[in-house]
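Here is how the chains run, residue by residue.
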Amino acid sequence: MSGRRALRAVLVDLSGTLHIEDTATPVRSSWSGSARPRWAVRFVTNTTKECKRNLLETPEEEIFTSLSAARRLVEQNHQRPLLLVEDSALEDFAGLDTSNPNAVVVGLAPQHFNYQTLNTAFRLVLEGAPLVAVHKARYYQRGDGLALGPGPFVTALEYASGRSAVVVGKPQETFFTQVPDSGMQPGEAVMIGDDARDDVGGAQNAGMRGILVRTGKYRVGDESKISPGPYLTCDSFPDAVDHLLKDLL
Amino acid sequence: MADSSWTSSAESLKGVILDLCGVLYDSGEDGGTPIPGSVEAVKRLKASDLKLRFCTNETQASRDKFVAKLQKMGFDISVCEVFSPAPAAVAVLKDRGMRPHLLVYDGLLSEFESVDQTNPNCVVVGDAAGNFTYENLNDAFRVLIGLEKPVLFALGKGRYYKEADGLSLDVGPYMKALEYACDVEAEVIGKPSSVFFHSVLSDMGLQPHQVMMVGDDLVNDVGGAQLCGMTGLQVRTGKYRPSDQQHRSVKADGTVDDLAQAVDLLLGARAGPL
């Protein structure tokens, strides 16, 4: 690698990288004291079903969720959203007027992904309500196996209404570029995640380096789903950290 | 109001294919109600020298059941005149030796009784309506993602249809959801698939240019028929929306108020200049 910049920020995905549902992957010890202060560490997540407060014991300002991005968007546009998000994520939208909705926000909300609720959302979108996707992940790793993410349901509403969703989470470039502190260049940041397209591809499109980990939703061959491929593929998050400590400090 | 230039080819027509829902009847709580004038219009077509078939993407009930429903409404119609996706799908599955995981309406299951469904190696999705729960969609997704080469069949790909209480999502959006989740492209069985229309034409023993399709769905009825070389006529009943007139890719050969007017103009033009 020529022209390599110093590493100043590490962006880390949560679900599937740091933990799977409530089980932590072997991780936290990887942040041995000496390394961490040299980098800004930021957690970036499309985990839409838990609100910020439930995420780790990390200062809020170090966590960037697509839920907060969605909230910002509907607030800027003065919209009253129909919220298809998990109950535990509603807290992130506290205070917003949701009566007589004129926008539809779709996150990961299996309990809402049924015929009746999707019909309600569809009718709103067909009448002109903007469709906001917290993210468009195809599926995620659940305790009992892979399960459908919000992406397929957003796609269904897009097809039915003939309109495109505004996607606010990963892999949107704007989502990644908001994360590093001002003055930092994308080339000075690396993103670590288990989703080839949304974590690694998205970060690389934003000018960062992307490290794919073979945990969580990772499946053999995922490396080839993006072009250019990942900067690096590692077995786990600790391996990725080892690499950063050895080669990018 | 009706542009009747499409009737100029009426004399050379030898057959007519009618869509059912939105052309013959409107669906609703108690099975639906006939659209005014349509019972009589079907009778007049049958009495003419035109061959008549019915072509529907109805997948909420078996053919026997919904044909019986139409007969009860007063329509002169029999099972052998009706083409619907489920029997066509059964033929395809048997032909290719495929064992489906079914995500369809309960009322349709009987159509698939003769097909081996153990250890599935494909998914068939129809308009499952209330059966489109997250867990049911997830089950179908897991079958697909677990296959080395996922195969998805969709019984039609309509976007939505009209029910008494408003518009409802049809099978198309759910097909798209599974396509997106698994990176596959579904094989559509039913309108607007050419294979489906050609099976109707071959049963009629007619060439596409000899046949006119009448439907309320611009893309699936009119556009599908036109791609096969048929004339496509749209009625302003059922799911018709005024914006259909400005559609970016499909333009109907003609638009009429309803089936009764279509039959009036068609039979009138054929009788006219003798």
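Residues numbered from 1 in each chain as written. Chains lettered and ligands numbered in written order. Predicted model: local features only at pLDDT ≥ 70, side-chain atom pairs only at ≥ 80, totals over all residues. Heavy atoms only, no water.

### A word on the overall build of chain B
Helix and strand counts for chain B come out as 8 helices and 14 strands. Once the C-alpha set of chain B is aligned to its principal axes, its extents read approximately 65 × 40 × 40 Å. Across the 274 residues that make up chain B, the buried fraction comes to 55%. Here the analysis covers contacts within chain B between residues at least 6 apart in sequence; of these, 64% occur between residues at least 24 apart. Side chains of chain B carry 26 positive and 37 negative charges; the gap between the two charge centres is 3 Å. (Helix = DSSP H or I, 4+ residues; strand = E, 2+ residues; numbered from the N terminus. Buried < 20%, exposed > 50% of the residue type's maximum accessible area, 1.4 Å probe, protein only. Contact = heavy atoms within 4.5 Å. Lys, Arg positive; Asp, Glu negative; His and termini not counted. Charge placed at Lys NZ, Arg CZ, Asp CG, Glu CD.)

### As for the domain arrangement of chain A
Where interface size is given, it is often the accessible area lost as the parts come together that is meant. Residue and element names in this part refer to chain A. Annotation of chain A at the domain level lists domain 1 (9-46 + 170-247) and domain 2 (68-167). Relative to domain 2, the C-alpha centre of domain 1 lies at a distance of 26 Å. Each partner contributes to the interface: domain 1 provides 13 residues, whereas domain 2 provides 13 residues. Roughly 1100 Å² is buried in total at the junction of domain 1 and domain 2, and carbon and sulfur atoms are behind 47% of that figure. Applying the counting rule to domain 1 against domain 2 returns 0 salt bridges. Here the residues of the side of domain 1 that touches domain 2 sort into 2 nonpolar, 4 polar and 7 charged. (Domains from an automatic or database assignment. Buried area = accessible area lost by both parts, 1.4 Å probe. Salt bridge = Lys/Arg side-chain N within 4 Å of Asp/Glu carboxyl O. Nonpolar A, V, L, I, M, F, W, Y, C, P; charged D, E, K, R; others polar.)

### Looking at the pairing of strand β7 (residues 103-106) of chain A
All names here are of chain A. Both faces of β7 are covered, namely the face carrying A103 and V105 and the face carrying V104 and V106. For strand β6 (residues 81-84) and β7, the ladder comprises 4 bridges, and the chain directions are parallel. Counted as the bridge partner of L83 is V105 from β7. One ladder, built from 3 bridges, connects β7 with strand β8 (residues 131-133); its direction is parallel. (Pairing = 2+ DSSP bridges.)

### Describing the domain arrangement of chain B
Residues and elements named next belong to chain B. Taken domain by domain, chain B comprises domain 1 (5-84 + 194-271) and domain 2 (85-189). Taking only C-alpha atoms, the centre of domain 1 and the centre of domain 2 are 25 Å apart. Across the contact, 15 residues belong to domain 1 and 22 residues belong to domain 2. In this assembly, domain 1 packs against domain 2 so that about 1600 Å² is buried in total across both faces, 51% of it on carbon and sulfur atoms. If you sort the residues of domain 1 by the area they bury against domain 2, T59, Q60 and K239 come out on top, with a joint share of 40%. Summed over the shared surface of domain 1 and domain 2, the result is 0 salt bridges. Linking domain 1 with domain 2 are 7 residue pairs in polar contact (both at pLDDT 80 or more), by the criterion used here. Along the lines of polarity and charge, the residues of the side of domain 1 that touches domain 2 split into 2 nonpolar, 9 polar and 4 charged. (Polar contact = N/O pair within 3.5 Å; in protein donor to acceptor, adjacent residues only side chain to side chain.)

### So, the packing of aromatic side chains
If you walk through the whole model with that rule in mind, you get 7 aromatic pairs over all chains. Look at A:F122 and B:Y160: their rings are 5.2 Å apart centre to centre, the planes differ by 40 degrees, and that puts the pair in the tilted class. In this pair, A:F122 is assigned in helix α2 (residues 115-126) and B:Y160 in strand β9 (residues 160-163), connecting two distinct chains. Grouping residues by exposure puts A:F122 and B:Y160 together as buried. Members of the aromatic cluster, joined through ring pairs, are A:F113, A:F153 and B:Y134. Across the ring face of B:Y180, the terminal group of A:R138 is positioned such that the distance to the ring centre comes to 4.2 Å. (Phe/Tyr/Trp six-rings, centres within 6.5 Å; stacked < 30°, edge-to-face > 60°. Lys NZ or Arg CZ within 6 Å of the ring centre and 35° of its normal.)

### Section: the sheet that holds β8(A)
Adjacent strands of a sheet form backbone hydrogen bonds with each other and so pair up, either parallel or antiparallel. Residue and element names in this part refer to chain A. Pairing in this open sheet of 4 strands is parallel, and the strands run β6-β7-β8-β11 from one edge to the other. Strand pairing shows two members of the sheet lacking a second neighbour, β6 and β11 (166-167), which therefore form its edges. The sheet contact formed by β8 and β11 spans 2 bridges and is parallel. Across the sheet, A133 pairs through a bridge with V167, a residue of β11. Sitting on the sheet, α2 touches β6, β7 and β8, and the angle it makes with β6 is about 150 degrees. (Axes fitted to C-alpha atoms, helices over the stretch in contact; angles between N-to-C directions.)

### Let's talk about the interface of chain A and chain B
At the interface, 29 residues of chain A touch 31 residues of chain B. Buried surface at the junction of chain A and chain B, summed over both partners, amounts to about 2700 Å²; 58% is from carbon and sulfur atoms. Interface area lost by chain A to chain B is led by A:Y115, A:L148 and A:Y159, which between them contribute 30%. For the pair chain A and chain B, the interface holds 5 salt bridges. Across the pair A:R197 and B:D183 runs a salt bridge, and its minimum N-O distance is 2.9 Å. Among the elements of the structure, α2, β9 (139-142), β10 (145-148) and α3 (150-161) of chain A are those that each provide at least two residues to the side of chain A that touches chain B. Of all the elements, α3(A) adds the most residues to the side of chain A that touches chain B, at 7 residues. Each residue belonging to the side of chain A that touches chain B can be placed in one class, and the counts come to 16 nonpolar, 6 polar and 7 charged.

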